[in-house]
Amino acid sequence: MNESVSRPTAADAAELLARVRARRPRVHCLMNSVVQKFTADGITAVGAIPSMTSSLDEIADFVARADVLTVNLGTLDAERRHVIRIAVDMANAGGKPWILDPVHCDYSPGRLAFARDLIALGPTVVRGNRAEMALIGEVRASLAIETGPVDHLSDGSVQVTVENGHVWMAGVTGTGCLSGGVIAAFLAVEGNALKAAAAALATTGVAAELAAPEARGPGSFGIAFLDTLASLSADDLLKHARIRHATA
Amino acid sequence: MNESVSRPTAADAAELLARVRARRPRVHCLMNSVVQKFTADGITAVGAIPSMTSSLDEIADFVARADVLTVNLGTLDAERRHVIRIAVDMANAGGKPWILDPVHCDYSPGRLAFARDLIALGPTVVRGNRAEMALIGEVRASLAIETGPVDHLSDGSVQVTVENGHVWMAGVTGTGCLSGGVIAAFLAVEGNALKAAAAALATTGVAAELAAPEARGPGSFGIAFLDTLASLSADDLLKHARIRHATA
Amino acid sequence: MNESVSRPTAADAAELLARVRARRPRVHCLMNSVVQKFTADGITAVGAIPSMTSSLDEIADFVARADVLTVNLGTLDAERRHVIRIAVDMANAGGKPWILDPVHCDYSPGRLAFARDLIALGPTVVRGNRAEMALIGEVRASLAIETGPVDHLSDGSVQVTVENGHVWMAGVTGTGCLSGGVIAAFLAVEGNALKAAAAALATTGVAAELAAPEARGPGSFGIAFLDTLASLSADDLLKHARIRHATA
């Protein structure tokens with residue numbers, strides 16, 4: 001394995017953020033209804049173009065125009081499951097990357113079973129918190145990410161940690177979902193999923209660190225986080241990104 | 001009646017807020033789609049854990065894990081009515097408190113009729129504005145709350161007013177719905193509904209008063225309100241809560 | 001044609017904003033789920049009263065009580081199409097103005113076809129961006145608005161431009177949808193659609209210009225925009241509104 005290719009660095013993060021801003025990829029999100037605007041604002045802030053419809057009649061048209069797909073399992077019902085399967089099949093057929101966010105699969109056995117069905121379809125990335133990823137179990141043939149105070153990324157052979165972020169992220173509903181959308185934007189411009197995801201998580205994590213001193217609590221933190229995502233510079237990433245490596 | 005138990009004070013509010021932060025109750029919300037994130041952020045700000053799904057396939061799993069239920073009647077359709085009935089039956093069977101927020105029942109006779117059906121199932125609290133509560137009529141065997149410039153709480157024998165709040169709350173969509181979620185969080189840690197609800201309304205009202213001087217208008221007020229909810233101290237409540245009593 | 005009636009000025013904008021604040025019209029919105037709260041907050045900020053339900057069971061009750069209707073085509077499915085048709089038929093039968101926002105009709109042929117079906121029903125205003133309006137084609141018997149860095153309004157005989165706004169509006173999801181809701185509020189108090197829409201777009205555009213110096217990025221800009229919408233004075237409009245005319 002060529003380490004210089006597979007092991008992401010702060011310089012990679014800076015280069016990939018610039019690439020997202022230059023190419024402006026389209027990110028289609030099957031996003032839970034709670035955080036649609038916050039996620040769309042975050043995707044826009046890094047320079048990508050979000051879309052959000054989850055209607056059965058239109059999903060094919062929107063996925064066809066997208067460069068990457070985010071599947072977030074909030075508010076699942078039978079029709080939404082059907083829409084997700086159509087979207088995933090289209091992404092796979094078109095060779096487009098997609099990310100699965102099995103949010104709250106630890107609350108509902110049905111949601112967990114559906115998450116496992118989707119993982120069998122080969123997502124580029126699965127991202128969850130510790131409780132969710134523990135239930136998901138082994139994720140084969142894709143990149144697994146456990147986010148938390150430290151984010152753990154593993155593609156089966158290489159393990160990477162991203163140690164950026166701020167405790168206030170947990171006080172704002174949707175920061176995890178937003179980071180899933182930002183990972184998707186980076187996947188659209190970089191074929192190495194480990195490098196793309198590490199760069200995206202360094203971007204959101206450093207933005208959170210720079211936002212915290214501007215904020216007085218979770219309300220103003222969520223706003224400052226969007227501001228810093230939009231203004232984050234290459235120097236900010238080179239100076240603050242903490243991406244570490246360990247062979248599995 | 002033991003006055004020291006049934007008549008809530010500012011000290012009770014401070015003690016119950018500390019209890020919410022220590023126990024971190026789970027609050028499941030059947031919330032209108034407009035204000036899901038704002039309500040979730042408010043519930044998180046007081047220290048509780050929100051969840052929001054309203055899908056028929058998953059409602060039982062989520063209510064089973066929750067400590068308390070919030071039923072908000074925005075955007076009603078046949079499926080949502082069915083989901084609400086399942087959730088309420090589960091809450092009642094499990095002895096869990098639940099609050100009904102008959103939002104805009106004055107706009108739609110069908111919504112009003114459904115609100116009355118739900119009241120017959122015995123909510124722990126019904127909270128509405130003046131127009132809504134006037135139509136609801138007598139609320140038996142539960143706590144009725146009419147929110148407004150002054151909040152009026154009545155359990156049939158004791159009447160309490162909470163005189164906190166700020167006029168800018170009416171300029172931010174969802175402050176009433178958010179306060180319903182906060183009342184739910186307090187119901188989860190205190191069996192005396194009158195005391196729990198008065199403490200919750202003092203908490204949101206004092207937070208609004210402390211937020212207003214930080215704000216320039218309704219946008220920044222909504223943000224500052226979340227900040228102050230998260231940072232509110234026992235001293236803030238002891239100093240500013242205005243809870244008054246009058247025997248019915 | 002009487003120019004003093006048909007050609008809107010900054011003074012008209014100031015007068016109509018005052019009229020909205022005095023009359024507080026009810027604006028019912030069939031709004032995509034992403035930006036419901038942001039749009040409701042914007043409508044409230046200019047002094048009108050928003051409602052948002054899109055359930056089949058309740059749409060008639062809500063449109064009956066509204067002064068004006070906004071139809072936004074995000075997240076379309078079969079039931080939503082049905083609800084929109086009921087709402088539009090009621091608005092037409094009641095002589096109430098309505099505005100169509102064919103958002104993202106350039107992404108989906110089905111959405112474009114539905115937008116054209118609705119235009120045949122005679123909306124008071126159709127508002128879209130350049131890509132959307134190019135596909136919509138000729139809009140007969142109504143006011144067409146293409147929003148962008150400069151807004152172009154045409155009622156078939158008179159063309160007006162509104163040159164207010166700020167580039168950061170494109171960084172906040174929903175500013176276009178919000179401006180559709182504000183146009184609706186102005187249509188409710190002024191029968192001349194060209195004058196109402198020009199006044200509404202000058203209001204949102206000047207608010208954006210005054211908000212930008214208060215902001216550090218798209219997060220704080222969205223918040224400051226709501227603040228300035230709520231505090232905008234007649235003097236602000238008289239001083240900053242740039243409404244120009246050209247006969248077609």
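The structure presented is a predicted model; accordingly, all values stated were derived computationally and were not measured.

Points about the overall build of chain A
Phase 1 of the analysis: Looking only at helices and strands, one finds eleven helices and nine strands in chain A.
Phase 2 of the analysis: Whereas a compact globule of 248 residues would reach a radius of gyration of roughly 18 Å, chain A reaches 16 Å, a difference of no more than 12%.
Phase 3 of the analysis: When the backbone C-alpha atoms are referred to their principal axes, chain A occupies close to 45 × 45 × 35 Å.
Phase 4 of the analysis: Per-residue burial over chain A gives 62% buried out of 248 residues.
Phase 5 of the analysis: For chain A, restricting intrachain contacts to residue pairs at least 6 apart in sequence, the fraction spanning at least 24 positions comes to 71%.
Phase 6 of the analysis: Accessible area of chain A: about 8600 Å², with a carbon and sulfur share of 52%.
Phase 7 of the analysis: Averaging the locations of the 22 positively and 26 negatively charged side chains of chain A gives two centres separated by 1 Å.

Observations regarding the relation of the copies chain C and chain B
Phase 1 of the analysis: When chain C is fitted to chain B, the best match, at an RMSD of 0.0 Å, comes from turning it 120° and sliding it 0.0 Å along the axis. Accordingly, the operation relating the two chain copies is best matched by a three-fold axis. Within chain C, C:Ser33 has its C-alpha nearest the rotation axis, a separation of 4.0 Å.
Phase 2 of the analysis: Interface overlap between copies is the fraction of interface residues in one copy that are interface residues in the other; for chain C against chain B it is only 5%, indicating separate surfaces.

A look at the interface of chain C and chain A
Phase 1 of the analysis: On the chain A side, the residues contacting the 26 residues of chain C number 22 residues.
Phase 2 of the analysis: Counting across the interface, chain C meets chain A through three salt bridges.
Phase 3 of the analysis: Across the pair C:Arg216 and A:Glu214 runs a salt bridge whose closest N-O atoms are separated by 3.3 Å.
Phase 4 of the analysis: Inspection of the chain C/chain A interface yields 16 residue pairs in polar contact (both at pLDDT 80 or more).
Phase 5 of the analysis: Counting only elements with at least two residues in the side of chain C that touches chain A, the list comes to α5 (78-93), α6 (109-119) and α10 (218-231) of chain C.
Phase 6 of the analysis: In terms of residue count, α10(C) provides more of the side of chain C that touches chain A than any other element does, four residues in total.

A closer look at helix α8 (residues 175-187) of chain C
For the α-helix, the turn length of 3.6 residues means that residues three or four positions removed from each other point alike.
Residue and element names in this part refer to chain C.
Phase 1 of the analysis: For α8, with 13 residues, the first-to-last C-alpha span of 18 Å sits near the 18 Å given by 1.5 Å per residue.
Phase 2 of the analysis: Extensive coverage of α8 is indicated by the burial of twelve of its 13 residues.
Phase 3 of the analysis: Within the sequence span of α8, burial applies to Thr175, Cys177, Leu178, Ser179, Gly180, Gly181, Val182, Ile183, Ala184, Ala185, Phe186 and Leu187.

What about the interface of chain C and chain B?
Accessible area lost during the coming together of the parts is what is often quoted as the interface size.
Phase 1 of the analysis: Tallying the contact residues gives 22 residues for chain C and 26 residues for chain B.
Phase 2 of the analysis: Carbon and sulfur atoms supply 52% of the area buried between chain C and chain B, which totals about 1900 Å² over both sides.
Phase 3 of the analysis: In this assembly, chain C and chain B are joined by three salt bridges.
Phase 4 of the analysis: On inspection of chain C and its partner chain B, the count reaches 16 residue pairs in polar contact (both at pLDDT 80 or more).
Phase 5 of the analysis: Within the residue set of the side of chain C that touches chain B, elements represented by two or more residues are α3 (36-45), β2 (49-51), α4 (59-65) and α10 of chain C.
Phase 6 of the analysis: The element contributing the most residues to the side of chain C that touches chain B is α3(C), with five residues.
Phase 7 of the analysis: Class assignment for the residues of the side of chain C that touches chain B results in eight nonpolar, five polar and nine charged.

Overview of the pattern of salt bridges
Phase 1 of the analysis: Across all of its chains, the model carries 33 salt bridges over all chains by this definition.
Phase 2 of the analysis: In this structure, the salt-bridge partner of C:Arg111 is A:Glu58, at a minimum N-O distance of 2.7 Å. Taken together, the positions of C:Arg111 in helix α6 and A:Glu58 in the loop between β2 (49-51) and α4 (59-65) put the pair across two chains. The same class applies to C:Arg111 and to A:Glu58, which are both buried.
Phase 3 of the analysis: One salt bridge connects B:Asp101 with B:Arg127, and the closest N-O pair in it is separated by 2.9 Å. Taken as a pair, B:Asp101 in strand β4 (residues 98-101) and B:Arg127 in strand β5 (residues 125-128) lie far apart in primary sequence, 26 residues in all.
Phase 4 of the analysis: For B:Arg127, a relative accessible area of 7% puts it in the buried group.
Phase 5 of the analysis: Because the salt bridges share partners, they merge into one network encompassing A:Glu15, A:Arg19 and A:Glu190.

What to know about the packing of aromatic side chains
Phase 1 of the analysis: Applying the stated criterion across every chain, the model contains nine aromatic pairs over all chains.
Phase 2 of the analysis: Taken together, a centroid distance of 6.0 Å and an interplanar angle of 75° make the contact between B:Trp168 and B:Phe221 edge-to-face. Here the residue B:Trp168 occupies a position in the loop between β8 (158-162) and α8 (175-187), and B:Phe221 occupies one in helix α10 (residues 218-231), the gap between them amounting to 53 residues.
Phase 3 of the analysis: Put simply, the rings of A:Trp168, A:Phe221 and A:Phe225 pair up and form one aromatic cluster.
Phase 4 of the analysis: Here the guanidinium or amino end of A:Lys37 rests over the ring plane of C:Phe38, the centre of that ring lying 4.3 Å away.

Overview of the relation of the copies chain C and chain A
Phase 1 of the analysis: Note on the identical chains: chain C maps onto chain A by a rotation of 120° and an axial translation of 0.0 Å, with an RMSD of 0.0 Å.
Phase 2 of the analysis: Here only 4% of the interface residues in chain C have copies in chain A that are interface residues too; the copies meet through unlike faces.

A look at the packing of helix α3 (residues 36-45) of chain B against α10(B)
Residues and elements named next belong to chain B.
Phase 1 of the analysis: Put simply, α3 and α10 touch, their axes get as near as 8 Å, and they point 25° apart. With respect to α10, the element α3 is oriented roughly parallel. Listed contacts from α10 to Phe38, Asp41, Gly42 and Ala45 of α3 are Gly222, Phe225, Leu226, Leu229 and Ala230.
Phase 2 of the analysis: Its residues assigned to classes, the contact of α3 with α10 shows six nonpolar, two polar and one charged.

With respect to the environment of C:Ala185
All names here are of chain C.
Phase 1 of the analysis: Here Ala185 lies in helix α8.
Phase 2 of the analysis: Owing to a relative accessible area of 0%, Ala185 belongs among the buried residues under this scheme.
Phase 3 of the analysis: Separated by 115 residues in the primary sequence, Ala185 and Thr70 place their C-alpha atoms 9.3 Å from one another.
Phase 4 of the analysis: Filtering out sequence-adjacent residues up to four positions away, Ala185 remains in contact with Val20, Pro25, Val27, Val46, Ala48 and Val68.

Re the side chain of C:Ser179
All names here are of chain C.
Phase 1 of the analysis: With respect to the secondary-structure elements, Ser179 resides in helix α8.
Phase 2 of the analysis: On the basis of relative accessible area, Ser179 is assigned to the buried category, the value being 6%.
Phase 3 of the analysis: The residues touching Ser179, leaving out its near neighbours within four places in the chain, are Arg127, Leu201 and Thr204.

Re α6(C)
Phase 1 of the analysis: The set of residues buried in α6(C) consists of C:Arg111, C:Leu112, C:Phe114, C:Ala115, C:Leu118 and C:Ile119. For α6(C), the buried positions fall inside an angular range of 165° around the axis, keeping them on one side.
Phase 2 of the analysis: Where α6(C) is buried, its residues contact α4 of chain A together with β3 (68-72), α5, β4 (98-101), β5 (125-128) and α7 (130-136) of chain C.

Parameters and conventions
- Residues numbered from 1 in each chain as written.
- Chains lettered and ligands numbered in written order.
- Predicted model: local features only at pLDDT ≥ 70, side-chain atom pairs only at ≥ 80, totals over all residues.
- Heavy atoms only, no water.
- Helix = DSSP H or I, 4+ residues; strand = E, 2+ residues; numbered from the N terminus.
- Rg over C-alpha atoms; globule rule 2.2 N^0.38 Å.
- Buried < 20%, exposed > 50% of the residue type's maximum accessible area, 1.4 Å probe, protein only.
- Contact = heavy atoms within 4.5 Å.
- Areas by Shrake-Rupley, 256 points an atom, 1.4 Å probe, with all protein chains shown as cover.
- Lys, Arg positive; Asp, Glu negative; His and termini not counted.
- Charge placed at Lys NZ, Arg CZ, Asp CG, Glu CD.
- Least-squares fit on C-alpha atoms with pLDDT ≥ 70 in both.
- Salt bridge = Lys/Arg side-chain N within 4 Å of Asp/Glu carboxyl O.
- Polar contact = N/O pair within 3.5 Å; in protein donor to acceptor, adjacent residues only side chain to side chain.
- Expected span 1.5 Å × (residues − 1).
- Buried area = accessible area lost by both parts, 1.4 Å probe.
- Nonpolar A, V, L, I, M, F, W, Y, C, P; charged D, E, K, R; others polar.
- Phe/Tyr/Trp six-rings, centres within 6.5 Å; stacked < 30°, edge-to-face > 60°.
- Lys NZ or Arg CZ within 6 Å of the ring centre and 35° of its normal.
- Axes fitted to C-alpha atoms, helices over the stretch in contact; angles between N-to-C directions.
- Parallel < 35°, antiparallel > 145°, perpendicular 65-115°, else oblique.
- Arc of directions from axis to C-beta.

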